[in-house]
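# A closer look at the structure
The primary structure of each chain is shown beneath.
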Amino acid sequence: MNKNTKNHKLKYLTLFIVLAAIAVISGIIFMQTNSSSRKAAPQETKPMFSFTGATGWRQGPTNETSMALFGNERKDKTSACFTSIEYHHGTIDVQSEVQKMTEDSNSLGNTITEIATQPLSLNTVNDKRTYELRQYRVAGSNSSTEPMGGVEVGYLQLDDGYVKITGNCETYDELQTTIPALQAYKLERR
């Protein structure tokens, strides 16, 4: 065999080996990216809360861990009351949270007074869980922005976090109208 033919065969063999290696590597990369993109495809996340319906209330903004409800509008086109429910990781010290809320309100020049506490329940996928709803009357200072006069808050400790339930109305006397809305929230997860 002559030297040129040998070099020619060696070049073709080397080129074949390089092309085969590139094809194998490309195949491996394709398979890895294709399988990881299938795994990484976003799954539709179901919201943690749902609204089972209450006369005079409509669902507002909702995301994976919170929801708001709004009461019917008044004649002046303002909503009298709204409620919200939020999930948080961790544990809750209710007394500390209530104290912080009171201090924050007072620091703004408002006076907040607890008027009533009543047991309520939150529907879950398995049962009803009871919590205490604390209702407050809020009086504003002489500032230009008047606070909502009725505020309520409740906390429910779960195994993996807690739920904060709130209601706000223009006046304290309107807070009773939020009860059907608060009872229409449902926790969709265990």
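First, a word on what this report is: a plain description of the structure on this page.

Another point: the overall build of the protein. Regarding its fold elements, the protein presents 3 helices and 9 strands. In the protein, the order of α-helices and β-strands from amino to carboxyl end is α-β-β-β-β-α-β-β-β-β-α-β. Per-residue burial for the protein yields a buried fraction of 32% across its 190 residues. Counted over contacts in the protein with a minimum sequence separation of 6, partners at least 24 positions apart contribute 52%. Surface accessibility of the protein: about 12,300 Å² in total, with carbon and sulfur atoms responsible for 55%.

Attention now moves to the pattern of salt bridges. Pairing is possible between side chains of opposite charge, provided their charged atoms come close. By the definition in use, this model includes 4 salt bridges. Note that Glu188 and Lys46 form a salt bridge whose closest N and O atoms lie 3.9 Å from each other. Of this pair, Glu188 sits in the segment after strand S9 (185-187) while Lys46 sits in the loop between helix H1 (3-40) and strand S1 (49-51), and the two are 142 residues apart along the sequence. With a relative accessible area of 19%, Glu188 lands in the buried category. Residue class for Lys46 comes out exposed when judged on its relative accessible area of 53%. When the shortest N-O distance is used, the salt bridge between Asp104 and Lys100 registers 3.1 Å. One end of the pair, Asp104, and the other, Lys100, are both in helix H2 (residues 94-107), 4 residues apart, so they sit about a helical turn from each other. For Lys100, a relative accessible area of 44% gives the class partly exposed. Shared partners join several salt bridges into a network, and the residues in it are Glu114, Glu132 and Arg134.

Glancing now at the sheet that holds S9. One open sheet accounts for 9 strands, arranged S1-S9-S5-S6-S7-S8-S4-S3-S2; its pairing is mixed. Strands at the two margins of the open sheet, each flanked by one partner only, are S1 and strand S2 (57-62). The mean angle between the axes of side-by-side strands here comes to 25°, regardless of whether they run parallel or antiparallel. Pairing analysis gives 9 bridges linking strand S4 (residues 81-89) to strand S8 (residues 161-169), with the strands arranged antiparallel. Bridge pairing in S8 links His88 to Tyr162.

Below, the discussion takes up the packing of aromatic side chains. Per the counting criterion, the structure on display carries 2 aromatic pairs. Both rings, one in Phe70 and one in Phe82, keep their centres 6.1 Å apart while their planes meet at 40°; by these two values the pair is tilted. You can see Phe70 sitting in strand S3 (residues 66-71) and its partner Phe82 sitting in strand S4, a full 12 residues away along the chain. Accessibility expressed as a relative area gives 30% for Phe82, which makes it partly exposed. Summarising the aromatic geometry, the rings of Tyr155 and Tyr162 are spaced 6.4 Å apart at their centres and angled 55° between planes, so their arrangement reads as tilted. The exposure classification of Tyr155 matches that of Tyr162, with both residues buried.

Cut-offs and rules
- Within any chain, residue numbers begin from 1 and follow the written order of that chain's sequence.
- Where totals are concerned, whole chains, interfaces and linings use all residues; where local detail is concerned, this predicted model gives features only for residues with pLDDT of at least 70, and gives and counts side-chain atom pairs only at 80 or more.
- To get the side-chain values, take all heavy atoms of the structure and skip hydrogens and water.
- Under the scheme used here, helices are H or I runs from DSSP no shorter than 4 residues and strands are E runs no shorter than 2 residues, and both carry numbers assigned from the N terminus.
- Note on exposure labels: buried denotes an accessible area under 20% of the residue type's maximum, exposed denotes more than 50%, and partly exposed covers the range between, all computed with a 1.4 Å probe on protein chains only.
- By the convention used here, residues are in contact when the closest approach between their heavy atoms is within 4.5 Å.
- For the accessible areas, the method is Shrake-Rupley and the probe is 1.4 Å, while residue cover comes only from the protein chains on display.
- A side-chain nitrogen of Lys or Arg and a carboxyl oxygen of Asp or Glu constitute a salt bridge if their distance falls within 4 Å.
- The pairing criterion for strands is at least two bridges between them, as found by DSSP.
- Axis definition: a line fitted to C-alpha atoms, over the contacting stretch in the case of helices. Angles run 0 to 180 degrees between N-to-C directions.
- Ring pairs are drawn from Phe, Tyr and Trp, using the six-membered ring of Trp, whenever the two centres fall within 6.5 Å, and their geometry is named by plane angle: stacked under 30 degrees, edge-to-face over 60, tilted for the rest.

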